Every structure is written in structure tokens, then in C-alpha cells.
Amino acid sequence: MATDMQRLVGTSEDDEEMGMDVKDEDDEDDDYEENGGEQGNASGMVGLDGGNEMGTATGDNRFPQHQQFHEQVGTPGGGTRRSRPVEEKERTKLRERRRRAITARILAGLRRHGNYNLRVRADINDVIAALAREAGWVVLPDGTTFPSRSQGQKPAGGNSTIVTSSSSHVASQQTPSPSLRGVASGYRSPLEFSASKGVFMPTPSPYNVSSTSRSQTSIVGDGEAQRDNRPLIGGSMDNADEKQIADLPPRLPERDLAGTPYVPVYVMLPLGVINIKCELVDPDGLLKQLRVLKSVHVDGVMVDCWWGIVEAHAPQEYIWNGYKRLFQMVREVKLKLQVVMSFHECGGNFGDDVCIPLPHWVAEIGRSNPDIFFTDREGRHNPECLSWGIDKERVLRGRTAVEVYFDFMRSFRVEFDEYFEDGLISTVEVGLGPCGELRYPSCPVKHGWRYPGIGEFQCYDQYMLKSLRKAAEARGHPIWARGPDNAGTYNSQPHETGFFCDGGDYDGFYGRFFLSWYSQVLVDHGNRVLSLAKLAFEGSCVTAKLSGIYWWYKTASHAAELTAGYYNPCNRDGYAAILTMLKINGVSLNIPCVELHSLNQHEGFPETFADPEGLVWQVLNAGWDVDLPVTSQNGFPCLNRVCYNKVLDHAKPMNDPDGRHFSSFTYLRLSPVLMERQNFIEFERFVKRMHGEAVLDLQV
């Protein structure tokens, strides 16, 4: 027993480390005494029922007597006197040092022998949180603790329990516990929301996600590493930055994916790999990186073909020089290509490190006719992409927007015919809106939007209003030819508006009419462009990308989705019509944000009712229900094993009766951080598992 105890609490080397920590903190004792002594300590130590119990738990059986002393010297105002006998102050200091020494030894032992991921300056709260998670509880960043659905389920061996968060459910058919459903007012679990829409939720794997992680990314965009005003979405460790993010908390059960279907993995190239002059930037450095990717059996790379670069100066004058050199380099390395027809600008979102506007000749037209761009209620125009109102309007030097897109795609197909013929170009993704996604630009950073704002409707250019008038007149209610006047602003929350609040106008007669028209315009735009894309790229795989608008998903209205054009309130499946349209055109579905965890939300936004997992499973199942091939990509930086495991959960769902899986996965994106040794080792391991290969360090 003595030997086991010594092994748990650490060796003499641990004591030396512990001594350093205690010595650093001893200097705080004098300030500690001057500010209320033991009263401050009682409030600083967090117990289940208060500081007194925690003090007893640390081995000081004299603490109740000291509390009694406090009660005897208490002032009528409820405070305590600062002047106390010297002997009592010395005893207090001795007790505090003893408590810190015990804590330090516990931490050293857990770090060394228990494989707990505890920071160097961890306190008793971190120990309790780690032990609670080990016992199968969920511990939120603010300390809220409740049983998970996996509590009480222990793997064979009995020495440890399955560690889980409520966003990563264990292989179980249990229903959510009442305590979980009651975490927040109005909260409903992802399973409940999925059931309301008839979504199949596979039996997920028991990956643990640290709920003390820092945020890594922002919300919408091309998948750029976005750094400001961002929700917590990843599974990174405490105080982790991008260089440390590959650290893996041990004891995480993982699925053995050896022998599972082969899912190709692509890596998206940097946004500025081709500059504004259509020249390849740093070809030697890129060639080295491509060879490294090939060495770990990555299948290929993805690259944006920017409309604002290729057709920059005059209509139907296309410059492909930089892309020709890039494609030749990729061919030499024997990688495949996924190409994105990017008809939007780059540079308006968080993390954009290059600026690629729309073509100059389009900008000139926009100066005289700004209604070719999406417009909000205040009349602000957004030049990020063209309004869908001009899809059939000849306002672009005699051409419609759809004709412009088709001419661009046809030029690309002719220019790179040999790459299509030999199969080097495996997929063409067609940009359908801002960030290449089929959605309205409802959350423009340049107009002041910040997460978790609901965004604004973008239907106030003259062409969209004309379409709305026709729809209202056809319905027999010309007065409905207007946008909602009580839908709030970009940064409003649903309950602050009359349109999106529970029981709001969104579910009234006018609201249903407006949202049906608004979402149908989105579907019609996608149908027009994709039908021509299939004509231009006949015989090739074409994909369309949706957006992951997951905040406010657990509210009744799904406000952020509504402003983006996804008519998906809790009583309606807003993605079925979109995916049926993709099926009719023979187009694959690309869904982002498959690495996100539902409960890991930023501490500053505790009540956004976000549910990325519920959203992903709803869209994924809607696609599979109509037999669509599904591709995917991470929406935000993904460098640690927890995020990779979440991707694998979606790419190869556990116990799916139909054995469905992704047709490919694209990693965003190639960067110096990814190429760092530890991060790249973790990425290589992920590629092997996507390919169905065995890995040696599988944790079971």
C-alpha cells in the first residue's frame, strides 16, 4: 500500500517540481492575510457545497475550529477583523502551505502516472473536474456539472470509465437524462431535435472533448483560420495555441477503422497560392509541400480558381497562366485535383490573408448600378458576390449573371481538357454565393456582424424586390411585397425581435409566405447555375457546398438559418428541397463543420443554443435519403486528435445499417502550422484511418 501511494503522489523529482510551485505561491501569503485570511481562502476554494468541505477534504481537520474562530470575531456587518494574533496567522499560513503541498503532490502524481492532462499551475478545481469526467460526468467551463448519458457504463476491466461529453454520445440506446435536458431554459438535446425532423443519428463513439478549450475559429467563410469574435468549436487542450494543438489527452477510446471503406483525403491549398496577376507564388516551396503530402498518401489537393483573377480586366478575356503551371506541378507529383469555381470575392471575412475582389469591369458596373449586389434593409450593398436577382437580367455588358458563370466554366473546361481526360481533375465545386456556399450573405463582417448575431435578410436590391412583388401579387396579397420590419439587426438575438421570437411572425401567414419566397429564390439560383455546370463539365463530378449555420439551431425559429436562406425552423425540414434540387442535377453535396462539438461553446456566448452536430446530421441524412454522394471538409482549423475523431465519426458512421460513408474529405488547409512535425504526424495518422488502414497507437 505504501508503495502504491508513493507511486500515485510522485517521486522525489515530483516533490522538487512541487516545491517550486509552492515557493512561487508563498509570497502571496502576506497579501492573503491582509485581505481577510481564511475567509478569502474559503471563497477561493470551490467545493460541492462550499469552501468548508473542501478544506476538510485536503486533510486539515482543524478547519471547523478555525471557522468557529471566524464566527466569534465576526463583525455585525458580516465581515471579519483583519487584526488577529500572530500565532493564529502563522497557523493559517502553515495550513495553506500544507494544502498547497498536498495539491501539488496530487497533481504531480496524476500527471505522471494517471495520464491526466493538467496544466502546470492547475488547482483543486482542475483535479475535481478531471476526476468527474473520468467518472462519466459532464463538466462545463463555468463549473456546471451533470451526469452524462454514459454515466455508469464502464468498459471491461473496470479501472476506468468511458470519458464523454454530452455532445459525443457513447454506443448506447439510452434516452437523455432529465438533468441533461434541463441544463438551460428552453434547451433540447440534439437527439430530440433530430428526432423531430426524422434524422438518423448513428451510434457515436465515446470521444472526450475538453470543455475548457479555447476558441479556435470564427463562423462563416472559406474555411480560413479566423481569429476574432469566435465561438468555441474544437477539442483543443487548455491554453493550447496552434503550435500546441496536437497534444492528445490520453485515455480516449477510439474506434478501430482498419478495413473500413477507403475515403480519399484532399488538402486545400492556401488562398493566395495564385496572386492577383495570375502567377504561381513560391513554386519551389509549394513543390516541397506537395511532395510531403504525397509521402503520406494524401490523394490530392483543392484550389480556388478565382473569377476576379482570371477574368479581371474585360469580359470573356480569361488568363489561366498561373493555374496552368500549378496544375502541371500537381501532375508531376502524381496528385489529383479538386477545383473550385470561385465567383465571390476574398478578403471580407475574418482571417482572409489575401484580397481578391470581383473583376474590375464588374466593379465598374456596380458603381453605376449597385443593385447588382445583395442589399440589406438599410440600403447597404455588399460586393462580395452578385445578387441572384440578376441571374436572368442582362446587366453585365449584355450578359446575365448565369451566362457569365457559364462562359467562365466553359473556358476552364476547354483550357484544361487534357486534365479532365486523364482524370487528374476529379471534382469541380461550383461557387453559388458568398464564400462559395449556397446561401445569402446574411452575416457580412464588413457591415458589423459578429457572432452570434442572427444576421439580416438580403433582399432589398431592386431586382429581388421586383421578384417579391410578383410573388405577393400571385398570392393575392400585394401588401406582402416587403421585407419584415421587426427582424432586428445583424447582431440581434432571436428573443429580441418580434419576427424570430417564440411565437413570432416567422410562423404567421405573412412570415411563412416571405420565408418560402426567400428560400425558393436560393433553390432556383442553385438550380440555374448547377444545370449549366453539369453541361460545361459533362462526365465529371460536380459538387455544391452548403453552409454550416449552427448557432441558434436549438431555438424554435432557427433565426440565423432563416436569414441565410435555409427555411429550417423546428417544424420544417429546410434542406430537403435544396438536396432534391442537387439530386435532379446529379450534383454531390459538400457539407462543412463536421469537426465541431455541440457543447463546446465560447464562454462569452453560453446561450447561443448552438448544435453543429445536430445540423450536420440533419443535412447529412437529408442528402443520403435522396442517395446523394456526400463530400465534406472541416470549417475551421483542425490539428488535434479530438477534432479528427469527430470527422471520422461523420465520415464513417458507426453502426449505420446501410454502411454509408463520405465519398471524399478535404482538409482546410495547407499551412506552415500543419507542416510542423507533431501536427503533421497527427495528420498522417488521420489520413491512414480515413483510408481504412490500421494505426499502431490506437487507444482502446
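Residues numbered from 1 in each chain as written. Predicted model: local features only at pLDDT ≥ 70, side-chain atom pairs only at ≥ 80, totals over all residues. Heavy atoms only, no water.

Q: Which parts of the structure should I look at to understand the overall build of the protein chain?
A: Each helix and strand counted, the protein chain has 23 helices and 12 strands in total. Relative to its 700 residues, the protein chain shows a buried fraction of 57%. Sequence-distant contacts in the protein chain: of pairs separated by 6 or more residues, those separated by 24 or more amount to 75%. Working note: accessible area of the protein chain is about 28,500 Å², and carbon and sulfur atoms make up 50% of it. (Helix = DSSP H or I, 4+ residues; strand = E, 2+ residues; numbered from the N terminus. Buried < 20%, exposed > 50% of the residue type's maximum accessible area, 1.4 Å probe, protein only. Contact = heavy atoms within 4.5 Å. Areas by Shrake-Rupley, 256 points an atom, 1.4 Å probe, with all protein chains shown as cover.)

Q: Looking at this structure, I do not really get the confidence of the model for the protein chain. What am I missing?
A: In low-pLDDT segments, the atomic positions of the prediction should not be examined closely. In the predicted model, the protein chain carries a mean pLDDT of 78, and the fraction of residues at 70 or more is 68%. Long-range and interchain partners of residues 1-82, a stretch whose pLDDT sits below 50, account for 93 contacts in this model, where long-range means more than four residues apart. Here residues 149-250 is a poorly scored stretch, pLDDT under 50, and it has 299 contacts once near neighbours within four places are set aside; other chains count. (pLDDT = per-residue confidence, 0-100.)

Q: Would you mind going over the side chain of Thr375 with me for this structure?
A: The residue Thr375 is located in strand β6 (residues 373-375) in this model. Using a relative accessible area of 2% as the deciding quantity, one classes Thr375 as buried. Among the polar contacts listed, one links the side chain of Thr375 to the side chain of His381, at a separation of 2.8 Å. Setting aside its immediate chain neighbours within four residues, Thr375 contacts Arg380, His381, Phe457, Gln458, Cys459, Tyr460 and Asp461. (Polar contact = N/O pair within 3.5 Å; in protein donor to acceptor, adjacent residues only side chain to side chain.)

Q: I would appreciate a short explanation of the sheet that holds strand β8 (residues 425-430) in the present structure.
A: What holds strands together in a sheet is hydrogen bonding between their backbones, with the strands either parallel or antiparallel. The strand order around the closed barrel formed by 8 strands is β3-β4-β5-β8-β9-β10-β11-β12, and the pairing between neighbours is parallel. The average angle at which neighbouring strand axes cross in this sheet is 30°, direction not considered. Set on the sheet, helix α18 (residues 509-536) makes contact with β8 and β9 (541-545); between it and β9 the angle comes to about 160°. Together, β10 (588-591) and β11 (630-633) form the strand contacts of helix α21 (residues 612-625), whose direction differs from that of β10 by roughly 175°. (Pairing = 2+ DSSP bridges. Axes fitted to C-alpha atoms, helices over the stretch in contact; angles between N-to-C directions.)

Q: Looking at this structure, I do not really get unusual backbone geometry. What am I missing?
A: Trans peptide bonds make up most of the peptide bonds, and negative phi angles are found at most residues other than glycine. Across the junction of Tyr451 and Pro452, the peptide omega takes the value 5°, indicating a cis bond. Across the junction of Leu668 and Arg669, the peptide omega takes the value -15°, indicating a cis bond. Within the fold, Arg669 resides in the loop between β12 (664-667) and α23 (677-690). Residues other than glycine seldom take positive phi values, yet Cys278 does so here, at roughly 60°.

Q: Help me out: how do you make sense of the packing of helix α15 (residues 401-415) against α18 in this one?
A: Packed helix pairs are specified by the crossing angle of their axes together with the interaxial distance, meaning the distance between the axes. One way to put it is that α15 packs onto α18 with a least axis distance of 9 Å and a crossing angle of 25°. It follows from the interaxial angle that α15 and α18 lie roughly parallel. Crossing handedness for the pair α15 and α18: right-handed. Residues Val402, Tyr405, Phe406, Met409, Arg410 and Arg413 of α15 form the contact with α18, whose own contacting residues are His525, Arg528, Val529, Leu532, Ala533, Leu535 and Ala536. Grouping the amino acids of the contact of α15 with α18 by side-chain chemistry returns 9 nonpolar, 1 polar and 3 charged. (Parallel < 35°, antiparallel > 145°, perpendicular 65-115°, else oblique. Left-handed = near helix turned anticlockwise from the far one by under 90°. Nonpolar A, V, L, I, M, F, W, Y, C, P; charged D, E, K, R; others polar.)

Q: What exactly am I supposed to notice about the pairing of β9 here?
A: Along a regular strand, successive side chains alternate from one face of the sheet to the other. Among the 5 residues that make up β9, 4 are buried, leaving the element largely enclosed by the rest of the structure. Of the pairings in the sheet, the one linking β8 to β9 comprises 3 bridges and is parallel in character. Residue pairing for β9: Glu429 is matched across the bridge by Thr543.

Q: What am I meant to see in the pattern of salt bridges here?
A: Note that side chains of opposite charge can pair when their charged atoms are close. All told, the structure shown has 31 salt bridges when counted by the stated rule. The closest approach of N and O atoms between Arg95 and Glu88, which form a salt bridge, is 3.4 Å. Neither residue differs from the other here; Arg95 and Glu88 are each classed as buried. Among the ionic contacts, a cluster of salt bridges with common partners joins Glu254, Arg641, Glu682, Arg685, Arg689 and Asp697. (Salt bridge = Lys/Arg side-chain N within 4 Å of Asp/Glu carboxyl O.)

Q: Whenever I open this one, the packing of aromatic side chains confuses me. Can you help?
A: Overall, the coordinates contain 45 aromatic pairs when judged by the stated rule. Taken together, a centroid distance of 5.8 Å and an interplanar angle of 75° make the contact between Phe327 and Tyr419 edge-to-face. Of the two residues, Phe327 sits in helix α13 (residues 321-333) while Tyr419 sits in helix α16 (residues 417-421), which places them 92 residues apart along the sequence. For the pair formed by Phe327 and Tyr419, the shared burial category is buried. The ring of Phe420 is capped by Arg413, whose NZ or CZ atom sits 4.5 Å from the centre of that ring. We note Arg482 situated over the ring of Tyr510; from NZ or CZ to the ring centre the distance is 4.3 Å. (Phe/Tyr/Trp six-rings, centres within 6.5 Å; stacked < 30°, edge-to-face > 60°. Lys NZ or Arg CZ within 6 Å of the ring centre and 35° of its normal.)

Q: For this particular structure, what's the right way to read the state of the cysteines?
A: Summed over the entire model, instances satisfying the criterion amount to 0 disulfides. In this structure Cys385 is not part of a disulfide, and its nearest cysteine sulfur, from Cys435, lies 8.7 Å away. Cys385 sits in the buried class, given a relative accessible area of 4%. With no disulfide of its own, Cys435 lies closest to Cys346 among cysteine sulfurs, the gap being 8.6 Å. Residue Cys435 is classed as buried on the basis of its relative accessible area of 2%. (Disulfide = S-S within 2.5 Å.)

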